[in-house]
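Examining the three-dimensional arrangement
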Amino acid sequence: MELELAQVEEYLHEFDYPVDRDELAAACEDVTVQLAEGERDLGDLFADSTADGFGSADDAYTAVQNDLPREAVGEPYQSEGEG
């Protein structure tokens, strides 16, 4: 399965929380997240997380965002409103 980064948060709402990090990593194995530059396996992002588990989909999504490099989400230092 492939997801755009913007779709990840909605996808994470499909799981029951709280959830253990390893359980969520296994469930998201082979889910590819398309980034501005490249792609990452969602299961690997959770496996690399320092959290033991997640209390909500929002917590899990925040962990994903925190694990991505700045260039993964778009032009560095640019906001949507600049032109």
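For the structure itself, look to the data block above.
What comes next is a walk through the structure.

**Some words on the packing of helix H1 (residues 5-12) against helix H4 (residues 57-67)**
Interaxial distance between H1 and H4 falls to 8 Å at its minimum, and their mutual angle equals 150 degrees. Between H1 and H4, the angle falls in the class roughly antiparallel. Pair H1 / H4 crosses with right-handed handedness. Contacts between H1 and H4 involve Leu5, Val8, Glu9 and Leu12 on the former and, on the latter, Ala57, Asp58, Ala60 and Tyr61. Its residues assigned to classes, the contact of H1 with H4 shows six nonpolar, no polar and two charged.

**A word on the nonpolar core**
Membership of the largest hydrophobic core comes to 22 residues, with the highest contact counts inside it found for Val8, Tyr11, Leu12, Leu24, Leu42, Phe46 and Phe54. Breaking this core down by element, the ones donating at least two residues are H1, helix H2 (21-27), helix H3 (42-47) and H4. If we ignore the near neighbours within four places in the chain, the residues touching Tyr11 are Met1, Leu3, Ala27, Cys28, Val31 and Leu42.

Each value, and the rule that gives it
- Sequence order as written defines the numbering, with residues in each chain counted from 1.
- The model is predicted, so local features are restricted to residues of pLDDT at least 70 and side-chain atom pairs to those at 80 or more, both for listing and for counting; the totals for chains, interfaces and linings are taken over all residues.
- Neither water nor hydrogens contribute to the side-chain values; these are computed over all heavy atoms in the structure.
- Axis lines are fitted to C-alpha atoms, over the contacting stretch for helices. Their N-to-C directions set the angle, which ranges from 0 to 180 degrees.
- Each helix is a run of DSSP H or I of at least 4 residues and each strand a run of E of at least 2, with the numbering of both proceeding from the N terminus.
- Should an angle fall under 35 degrees it is taken as roughly parallel, and over 145 as roughly antiparallel, whereas 65 to 115 is taken as roughly perpendicular and any remaining angle as oblique.
- What makes a crossing left-handed is the near helix being turned counterclockwise from the far one by less than a right angle; a clockwise turn instead makes it right-handed.
- Whether two residues are in contact is decided by their heavy atoms, any of which lying within 4.5 Å being enough.
- Residue classes follow a fixed rule: Ala, Val, Leu, Ile, Met, Phe, Trp, Tyr, Cys and Pro count as nonpolar, while Asp, Glu, Lys and Arg count as charged, and any other residue, Gly among them, counts as polar.
- Residues belong to a common nonpolar core when they are buried Ala, Val, Leu, Ile, Met, Phe, Trp, Tyr or Cys residues joined through side-chain atoms within 4.5 Å.
- Per-residue accessibility, obtained with a 1.4 Å probe over protein chains only, is compared with the maximum for each type, and a residue is labelled buried under 20%, exposed over 50%, and partly exposed between these values.

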